[in-house]
Number of protein chains: 2
Amino acid sequence: MQKPSIPKGTRDFSPEEMAKRNYIFNTIRDVYHLYGFRQIETPAMENLSTLMGKYGEEGDKLLFKILNSGDCFAGLADAEIQERNAVKFAAKACEKGLRYDLTVPFARFVVQHRNEISFPFKRYQIQPVWRADRPQKGRYREFYQCDGDVVGSDSLLNEVELIQIMDEVFRRFGIRVCIKLNNRKILSGIAEIIGEADKIVDITVAIDKLDKIGLENVNEELRSKNLTEEAIAKLQPIILLGGNNREKLATLKELLAASETGLKGVEELEFILNRTDLLSLGTPLDLDLTLARGLNYYTGAIFEVKALDVQIGSITGGGRYDNLTGVFGMPGISGVGISFGADRIFDVLNQLELYPADSLQTTQLMFVNFGEQEEAYLLPVVARIREAGIRTEIYPEPGKMKKQMGYADAKKIPYVALVGENEISEQKINLKNMVTGEQRLVTTDELIGLFRP
Amino acid sequence: MQKPSIPKGTRDFSPEEMAKRNYIFNTIRDVYHLYGFRQIETPAMENLSTLMGKYGEEGDKLLFKILNSGDCFAGLADAEIQERNAVKFAAKACEKGLRYDLTVPFARFVVQHRNEISFPFKRYQIQPVWRADRPQKGRYREFYQCDGDVVGSDSLLNEVELIQIMDEVFRRFGIRVCIKLNNRKILSGIAEIIGEADKIVDITVAIDKLDKIGLENVNEELRSKNLTEEAIAKLQPIILLGGNNREKLATLKELLAASETGLKGVEELEFILNRTDLLSLGTPLDLDLTLARGLNYYTGAIFEVKALDVQIGSITGGGRYDNLTGVFGMPGISGVGISFGADRIFDVLNQLELYPADSLQTTQLMFVNFGEQEEAYLLPVVARIREAGIRTEIYPEPGKMKKQMGYADAKKIPYVALVGENEISEQKINLKNMVTGEQRLVTTDELIGLFRP
């Protein structure tokens, strides 16, 4: 007899975990709705022609490929099969693969449905993605992404609204965060003025270490990456950039005076800060030049959210891109988007114990089952209670009291009702508070009243 | 440049479709919760050892198999590869497959987590499944199932509650339905008394045609299936079984007097009818001996829901089974479950136009964008409106009025707000009802009040 298990890197979600996950997804969903975002879903399987070449060579290897059904050897000559070349074989024996992220399917969706969509298109999407990564702590082969994007609008108001959305989502969660901001154009401007356009990543990685290793070692690292002494000298005020966001922007404006692109980036960030200043956000915004995520993709704003009270990587991120759909033959569609990291948010809420009690509780009331007569008496009573919206169970069989109470305990049901012969003759319900142990005799109407919010 | 498409038999869901689907799933979910069912999720990929052999030979062929990542030829000898035998190849080159239904993963879940589950376990699960079926109208290769099951309890109260759940779900949808009931034990009893235990399916198929082809032809069909004249004679009162549920049961009790199993089935159905009589269900229950779904699986009650006002197959079905988990080495776990057919319910709601208006509407209010000044003025105003829970957008750029209004139209936004120089100086909002065309000048507080439910 086989002992059942699931593929490595995948997970089952228990009722408790699902309640928590639904709380997370519903919170994010509600906030997206508040800003006019609408949900779409795309198939788990995409044509491999849609997916291949979009995630780099490494990404292609991490795609889960689906063997063609029927005769998978159909399009292959004997010689091709005998080569035992897995990559070449898959190119012919597999037409479909599992979604690797939500961005490429979204781009494909926009192009395929361009005539039905009214732009600007504000969409969100909450679906699992699959990656054949080596599983490790906190890294799964199946995990959910929660993406929100606005495409077809260059307005920076979209950046402002996405910041508001992140602010509101984490306010609702009760997680203290800071939102880090950067702009790809500023990074390009820096590279431009020091004449090292291709070293942007090396530079941001080195600057990021300032607090840990000190200025001397940062400069040493830059030298080891073959930056000229002149470039390093020009970088000094940028490495040491300090003060608040406004002060940083003022310094950058001077330093980047010779770079049109750089100044454009400063201007964009200024606009965003001017607009968010009009709002009473609970979240601090922090201009951080070391923020360099998605550099081969983002062309304007870059966002990242860090939790303040838990040591964990970024829990949300995003940015602006210029050309979402060019690869599918539809140029000129720019957009800006964010992605909430549901698994990390799950961990943060767990660590800080921030789940609201009512998000975890399903059944509110359980009736003990004393036998056939009592059960028959209870059916219409329970129907009335459920009609009032109270989530109610009758234990399905007249088992031992200990077993029935154990069931209520295990399910964390807060109230248990006992209706035996006496209660039936009095037309009452004996209601027990499972936390305090307190018992009281009530009518059905009184019971319903007690559960009203 | 590639023209993007999706694999045949799969679908994209637009915002409108997602709103409808979410309405369906949320309604089903709410009713499950009302009865104490809790959600689980299992991975899209299962080990093929979990899936193979559970759906018959045909089912095995319909499994989507995932090519092992890395070297898929690793475990294969040259000779095996040269055979070009797709089935044998897949057995070694694919360890994982996509979920084919929710029942087998649920059985696997119960066995794997037996020590964490408190029985009776009431679980629901709403997830997609994948089948390499030939796609045709109404049949997809990716579709959602919405299953609810109670396992670890033999009590017929579970059957009663599942009937209540079906009744309540379709009441909320506003779909008039009838719930057909049968019991596998009655069918076994019939086969027993006429001495044709292995012809149950032939018999129910033939009986089902009575209305269409008449008694003579039904008997002819039975003869063609090699039933003896004696057996056919004994079947006559069953073929002609009429009257209401109680009358049918009374007749069956007599006819099945010699079959212990048959009488047990009658008794079970009687219990269910006695219990549901205590409830004021809106749905008629109809004892139907031709109901023979899942005969190789169900051992007691069999359910099926038919829409009364639309010509379509069954839109929900289920039944009781004896041995969910035996194949995974955990015998003795019985259960009863139902599965809502989300795709067909979607079609029925569409045909009858039963979607509530507020289930389809996302944004409630859109502010026209007149330019930088107005946008800056509006930001804190809109923030206050959103704080009151009103789903609000500002058009992200000061485009042509026609374009902005077109956007509101396309998104079916019911109210548009215009705030230009005059309104700003008066601290008012010009609110336009997009259906009636009526306009009125209101303060922010008045506007918020208008949207209060």
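In what follows, the structure referred to is the one given above.
Summary of the structure given here.

Conventions and cut-offs
Residues numbered from 1 in each chain as written. Chains lettered and ligands numbered in written order. Predicted model: local features only at pLDDT ≥ 70, side-chain atom pairs only at ≥ 80, totals over all residues. Heavy atoms only, no water. Least-squares fit on C-alpha atoms with pLDDT ≥ 70 in both. Contact = heavy atoms within 4.5 Å. Axes fitted to C-alpha atoms, helices over the stretch in contact; angles between N-to-C directions. Helix = DSSP H or I, 4+ residues; strand = E, 2+ residues; numbered from the N terminus. Parallel < 35°, antiparallel > 145°, perpendicular 65-115°, else oblique. Left-handed = near helix turned anticlockwise from the far one by under 90°. Nonpolar A, V, L, I, M, F, W, Y, C, P; charged D, E, K, R; others polar. Core = buried A, V, L, I, M, F, W, Y, C linked by side-chain atoms within 4.5 Å. Buried < 20%, exposed > 50% of the residue type's maximum accessible area, 1.4 Å probe, protein only. Pairing = 2+ DSSP bridges. Buried area = accessible area lost by both parts, 1.4 Å probe. Salt bridge = Lys/Arg side-chain N within 4 Å of Asp/Glu carboxyl O. Polar contact = N/O pair within 3.5 Å; in protein donor to acceptor, adjacent residues only side chain to side chain. Arc of directions from axis to C-beta.

For the rest of this paragraph, the subject is the relation of the copies chain A and chain B. Expressed as a screw operation, the relation of chain A to chain B combines 0.0 Å of axial shift with a rotation of 180°, fitting to an RMSD of 0.0 Å. Those values place the two copies in the arrangement expected of a two-fold rotation axis. Across chain A, the smallest distance between a C-alpha and the rotation axis is recorded for A:I66, namely 2.2 Å. When the interface residues of chain A are mapped onto chain B, 100% of them again lie at the interface, so the same face is used by both copies.

Before going further, it helps to spend a moment on the packing of helix α7 (residues 157-173) of chain B against helix α13 (residues 260-277) of chain B. All names here are of chain B. Running from N to C, α7 and α13 cross one another at 50°; their axes reach a closest spacing of 9 Å. Between α7 and α13, the angle falls in the class oblique. Considering only the axes of α7 and α13, their crossing is right-handed. The segment α7 lies against α13, with L157, E159, V160 and I163 engaging F271, I272, R275 and T276. For the contact of α7 with α13, a count of residues per class yields five nonpolar, one polar and two charged.

Nonpolar side chains in soluble globular proteins tend to end up buried together. Counting residues in hydrophobic clusters, the biggest one holds 76 residues, and the most contacted among them are A:L67, A:F89, B:L67 and B:F89. Apart from residues no more than four positions distant in its own chain, B:L67 is found in contact with A:K65, A:L67, A:F89, A:A90, A:C94, B:C72, B:F89, B:A93 and B:C94. B:F37, B:F173, B:I193 and B:I238 belong to the second largest nonpolar core, which has 68 residues in total.

Once that is clear, we can look at the sheet that holds strand β11 (residues 335-340) of chain B. Residue and element names in this part refer to chain B. Taken together, the eight strands give an open sheet; going across it, the order is β1-β5-β6-β11-β10-β9-β7-β8, and neighbouring strands pair in mixed fashion. Each edge of the sheet is formed by a strand with only one pairing partner; in this case those strands are β1 (38-39) and β8 (285-287). Across five bridges, the pairing between strand β9 (residues 298-307) and strand β10 (residues 316-321) is antiparallel. Within β10, the residue paired with Y298 across the bridge is Y321. Sheet contacts for α7: β5 (121-130), β6 (142-151), β7 (177-183), β8, β9, β10 and β11; angle to β11, the most-contacted strand, approximately 10°.

Attention now moves to the interface of chain A and chain B. Listed per partner, the contact involves 109 residues of chain A and 109 residues of chain B. Roughly 9,300 Å² is buried in total at the junction of chain A and chain B, and carbon and sulfur atoms are behind 58% of that figure. A per-residue breakdown of the area chain A buries against chain B is headed by A:R38, A:R84 and A:R386, which together make up 8% of the total. Linking chain A with chain B are 14 salt bridges, by the criterion used here. The residue A:R275 makes a salt bridge to B:E375 at a minimum N-O spacing of 3.1 Å. Counting across the interface, chain A meets chain B through 46 residue pairs in polar contact (both at pLDDT 80 or more). Considering only residue class, the side of chain A that touches chain B consists of 52 nonpolar, 30 polar and 27 charged.

Our focus in this paragraph is the environment of B:A77. Positionally, B:A77 belongs in the loop between β3 (65-67) and α4 (78-82). Here the alpha-carbon distance between B:A77 and B:L308, two residues 231 residues apart in the chain, equals 58 Å.

A few words on helix α19 (residues 444-451) of chain A. All names here are of chain A. Within the span of α19, buried status applies to T444, L447, I448 and F451. Down the axis, α19 shows its buried residues gathered within 100° of arc, on one side only. Next to the buried residues of α19 lie β12 (365-367), α16 (372-387), β14 (415-418), β15 (429-433) and β16 (439-442).

In this section: the sheet that holds strand β9 (residues 298-307) of chain A. All names here are of chain A. Strand order in the open sheet made by the eight strands is β1-β5-β6-β11-β10-β9-β7-β8, with mixed pairing throughout. Two strands in the sheet have a free side with no partner beyond their single neighbour: β1 (38-39) and β8 (285-287). Strands in contact with helix α13 (residues 260-277) are β7 (177-183), β8 and β9; relative to β7, the strand with the most contacts, it is inclined by about 150°.

All names here are of chain B. Mapped onto the secondary structure, K225 falls in the loop between α10 (210-224) and α11 (229-239). Classification of K225 as partly exposed rests on a relative accessible area of 34%. K225 sits 116 residues away from G341 along the chain, and the two C-alpha atoms are 32 Å apart. What K225 contacts, discounting residues up to four positions off in sequence, is K199 and D202.

Residues and elements named next belong to chain B. Counting buried residues along helix α6 (residues 103-112), eight of its ten residues qualify, which places the element largely inside the surrounding structure. Within α6, burial applies to V104, P105, F106, A107, R108, F109, V110 and V111. Buried positions along α6 lie against β2 (45-47), α2 (48-51), β5, β6 and β10.

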